[in-house]
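Structure assessment
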Amino acid sequence: MAKPFIKWVGGKYTLANELKKHLPNNFDELDYIEPMLGGAGMFFNLQPKKAILSDINKKLIITYKSIQNNVEGVISELKKHELNHKTNEDYFYDVREYFNKGCETREGLAAAFIYLNKTNFNGLYRVNSKGEFNVPKGRTTSGSVTICDEKVLKNCSDLLKGVELYWKSYEDALKDLNKHCFVYLDPPYLPQTDVSFTKYSKDGFSVEDHKILSTHCKDLSERGIKFMMSNAENDYTHDIYGDFTIKPLTVYHSLGPDKKTRKKAKECIITNY
Ligand SMILES: C[S@@+](CC[C@H](N)C(=O)[O-])C[C@H]1O[C@@H](n2cnc3c(N)ncnc32)[C@H](O)[C@@H]1O
């Protein structure tokens, strides 16, 4: 089981072994499609023979492609960040500005992405209305986080060889699939029915967005394509995804960034098989 090179909100690295139990029986015969990739916790665990991976986050996909095609270049840039981070208190904000200006090379962007992910507040990825990354520096002391983990980066690069990577919405990613494909969907979770007034998750994926996603799931079923989705389990889940099989998991996911005040919420697997 390989470790992802970034941490990601809702990341499935620690849950992947549990989720694997719910894959279809003929999983090994199918092409693996993951259109809401994030940190790719499932992909790195499953290591499928053929994979098509995508996400709506452009800089995330550039980072994956850089790791895939020039991991040594990314490592060399990341080592510079690691060194400067130890000696310069404000270095995080210099890199954030550089990242928001676009960076000079794809490897430079990937290294900045990974550096910010390792040193920011809880590994969040959030942008303002101008599309600028605005997560503040995390609380960790400079020595306590491995910024450049060469072994993990090189292993991820090996596992990404031959994989198709795209910057696109999940809607586009689902268009050209056939029944030899299996889709794993991991959207930003449905909000808790009792706590959410706005009905928006923090990632901007609303209850309405989930209703639209469920129509795409129905379309997959009509085309004979198997899918599995991770989601929160609450009243919304049964209203919106009630046409599918909903299996509650015995694990819970955490709500909120602060470890001390985090609440636990139920989690489930939704499948059409
Ligand atoms: C919960 S995260 C996925 C976590 C991932 N499974 C992991 O192990 O790290 C959800 C992902 O969906 C992506 N996303 C949100 N809306 C999307 C859309 N409309 N199309 C494609 N990807 C989308 C986000 O950028 C984010 O990376």
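Presented here is a report on the structure given in the accompanying data block. (Residues numbered from 1 in each chain as written. Predicted model: local features only at pLDDT ≥ 70, side-chain atom pairs only at ≥ 80, totals over all residues.)

**Concerning the overall build of the protein chain**
- Each helix and strand in the protein chain was counted, giving ten helices and seven strands.
- On C-alpha atoms alone, the protein chain measures out to a radius of gyration of 19 Å, which is about the 19 Å that the 2.2 N^0.38 rule sets for 273 residues.
- Across its three principal axes, the protein chain shows a C-alpha extent of roughly 55 × 45 × 35 Å.
- Here the protein chain holds 273 residues, and the buried ones make up 35% of them. (Helix = DSSP H or I, 4+ residues; strand = E, 2+ residues; numbered from the N terminus. Rg over C-alpha atoms; globule rule 2.2 N^0.38 Å. Buried ≥ 20, exposed ≤ 12 C-beta atoms within 10 Å, placed from the backbone.)

**Re the site of the ligand**
- Looking at the ligand, there are 21 residues lining it, with G10, M36, G38, G39 and G41 nearest.
- Each residue belonging to the shell around the ligand can be placed in one class, and the counts come to eleven nonpolar, seven polar and three charged. (Near = placed C-beta within 6 Å. Nonpolar A, V, L, I, M, F, W, Y, C, P; charged D, E, K, R; others polar.)

**Description of the packing of helix α4 (residues 71–87) against helix α6 (residues 106–119)**
- Two elements in contact, α4 and α6, have axes whose closest approach is 8 Å; the angle formed by their N-to-C orientations is 45°. It follows that α4 is oblique to α6 by the angle criterion. Taken as a pair, α4 and α6 cross one another with a handedness that is right-handed. On the side of α4, the interface is formed by G73, V74, E77, L78, H81 and H85, while α6 contributes E107, G108, A110, A111, I114, Y115 and T119.
- In terms of residue class, the contact of α4 with α6 is built from six nonpolar, five polar and two charged. (Axes fitted to C-alpha atoms, helices over the stretch in contact; angles between N-to-C directions. Parallel < 35°, antiparallel > 145°, perpendicular 65-115°, else oblique. Left-handed = near helix turned anticlockwise from the far one by under 90°. Contact = placed C-beta atoms within 7 Å.)

**Quick look at the nonpolar core**
- Ranked by internal contacts, the top residues of the largest apolar core, which has 61 residues, are I67, I114 and V183.
- The element contributing the most residues to this core is α6, with eight residues.
- Beyond its immediate sequence surroundings of up to four residues, V183 is in contact with I33, P35, L174, L177, L220, I225 and F227. (Core = buried A, V, L, I, M, F, W, Y, C linked by C-beta atoms within 7 Å.)

**What to know about unusual backbone geometry**
- Even without being a glycine, C103 presents a positive backbone phi close to 65°.
- Examined against the element boundaries, C103 turns out to sit in the loop between α5 (91–100) and α6.
- One non-glycine residue, N122, lies in positive phi territory at about 65°.

**Section: helix α3 (residues 58–69)**
- Given a rise of 1.5 Å per residue, twelve residues ought to cover 16 Å, and the 16 Å separating the end C-alpha atoms of α3 matches this to within 8%.
- Among all positions of α3, only K59, L60, T63, Y64, S66 and I67 are buried. Angularly, the buried residues of α3 cover 160° about the axis, an arc narrow enough to put them on a single face. (Expected span 1.5 Å × (residues − 1). Arc of directions from axis to C-beta.)

**Here's the deal with the pairing of strand β5 (residues 226–232)**
- Taken across its seven residues, β5 has six buried, putting it largely inside the fold.
- Where strand β4 (residues 181–185) lies against β5, four bridges are found, and the strand directions are parallel. Opposite F182, over in β5, you have K226 as the bridge partner. (Pairing = 2+ DSSP bridges.)

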